[in-house]
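Structural description and commentary
Spelled out from the first residue to the last, the chains are:
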Amino acid sequence: QVQLVESGGGLVQPGGSLRLSCAASGSISSLNVMGWYRQAPGKQRELVATITRGGVTNYAGSVKGRFTISRDNAKNTAYLQMNSLKPEDTAAYYCYALTGVPWMEYWGEGTLVTVSS
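We now turn to the structure provided with this report. (Residues numbered from 1 in each chain as written. Predicted model: local features only at pLDDT ≥ 70, side-chain atom pairs only at ≥ 80, totals over all residues. Heavy atoms only, no water.)

1. With respect to the state of the cysteines
Any covalent bond linking the sulfur atoms of two cysteines counts as a disulfide. Short version of the rule: Throughout, disulfides are identified as pairs of cysteine sulfur atoms within 2.5 Å of each other. Under the DSSP-based scheme used, a helix requires at least four consecutive residues in state H or I and a strand at least two consecutive residues in state E, with every element numbered from the N terminus. Between buried and exposed lies partly exposed: a residue is buried under 20% and exposed over 50% of the maximum accessible area for its type, with that area taken using a 1.4 Å probe on protein chains only.
Following the criterion strictly, the structure yields one disulfide and no others. Across a sulfur-sulfur distance of 2.0 Å, C22 and C95 are joined as a disulfide pair. Classification of the bridge connecting C22 and C95 rests on its S-S torsion, roughly -80°, and on that basis the disulfide is left-handed. Taken together, the positions of C22 in strand β3 (residues 18–26) and C95 in strand β9 (residues 91–99) put the pair 73 residues apart, joining distant regions of the chain. Grouping residues by exposure puts C22 and C95 together as buried.

The structure is reproduced here in structure tokens:
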């Protein structure tokens, strides 16, 4: 069992920055992949970024160059540094984790990010 707790969302002006955190707890000996998804109003949930335990990253084209995903394996925590935020980034952001043994997917409750003047 893995529990994911997100923090760091809020209101920010265009061009600003936010840093999201996702802390995992429970049976977390095999967090093979951690990542962030987002869901904007009226839209389907979409991939933002993923990172493997070894540090290999993948980004959606819309955020590449502006967002950086990282993780601290010792703290079982993933981060999403969001810079140069745009109104189009407004969404609920969800942390996820994929374990290896057993092969299970876990989701956080979500944290709201609003980019507006």
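Anyway, onward from the coordinates.
2. Regarding the nonpolar core
Filter applied, for reference: We define the nonpolar core as a collection of buried residues of types Ala, Val, Leu, Ile, Met, Phe, Trp, Tyr and Cys that are connected through side-chain atoms lying within 4.5 Å of one another. What makes two residues a contact is simply this: any of their non-hydrogen atoms within 4.5 Å.
In terms of nonpolar packing, the biggest core is built from 30 residues, with W36, L80, M82 and Y93 touching the most fellow members. Going through the elements one at a time, β1 (2–7), β3, β4 (31–39), β5 (46–52), β7 (67–72), β8 (77–82), β9 and β11 (111–115) are the ones with two or more residues in this core. Leave out the neighbours within four places in its chain, and M82 touches G16, S17, L18, L20, R66, F67, Y93 and V113.

3. Notes on the environment of L18
Structurally, L18 is set in strand β3. Looking at L18, the relative accessible area reads 15%, which means it is buried. Distance in space between the C-alpha atoms of L18 and Q44 is 22 Å, their sequence separation being 26 residues. When neighbours within four sequence positions are excluded, L18 is seen to be in contact with G8, G10, V12, L80, Q81, M82, L85 and V113.

4. Quick look at the sheet that holds β1
As a reminder of what qualifies: Any two strands with at least two DSSP-identified bridges between them are counted as paired. The angle between two axes is taken between their N-to-C directions and runs from 0 to 180 degrees, where each axis is a line fitted to C-alpha atoms and a helix contributes only its stretch in contact.
Read from one edge to the other, the open sheet built from four strands follows the order β1-β3-β8-β7, with strand pairing classed as antiparallel. Two strands close off the open sheet at either side, each with one partner strand: β1 and β7. Looking at each pair of strands side by side, their axes are set apart by 15° on average, direction ignored. The sheet contact formed by β1 and β3 spans six bridges and is antiparallel. Looking across to β3, one finds that E6 is bridged to C22.

5. Observations concerning the pattern of salt bridges
We count it as follows: Any Lys or Arg side-chain nitrogen located within 4 Å of an Asp or Glu carboxyl oxygen qualifies as a salt bridge.
Evaluation of the coordinates by the stated rule reveals three salt bridges. Notably, a salt bridge pairs E46 with R38, separated by 2.9 Å at the nearest N-O pair. R38 serves as the salt-bridge partner of D89, at 2.9 Å between the closest nitrogen and oxygen. Taken together, the positions of D89 in the loop between β8 and β9 and R38 in strand β4 put the pair 51 residues apart, joining distant regions of the chain. You'll find D89 and R38 in the same group, each marked buried. A network of salt bridges, in which partner residues are shared, links R38, E46, R66 and D89.

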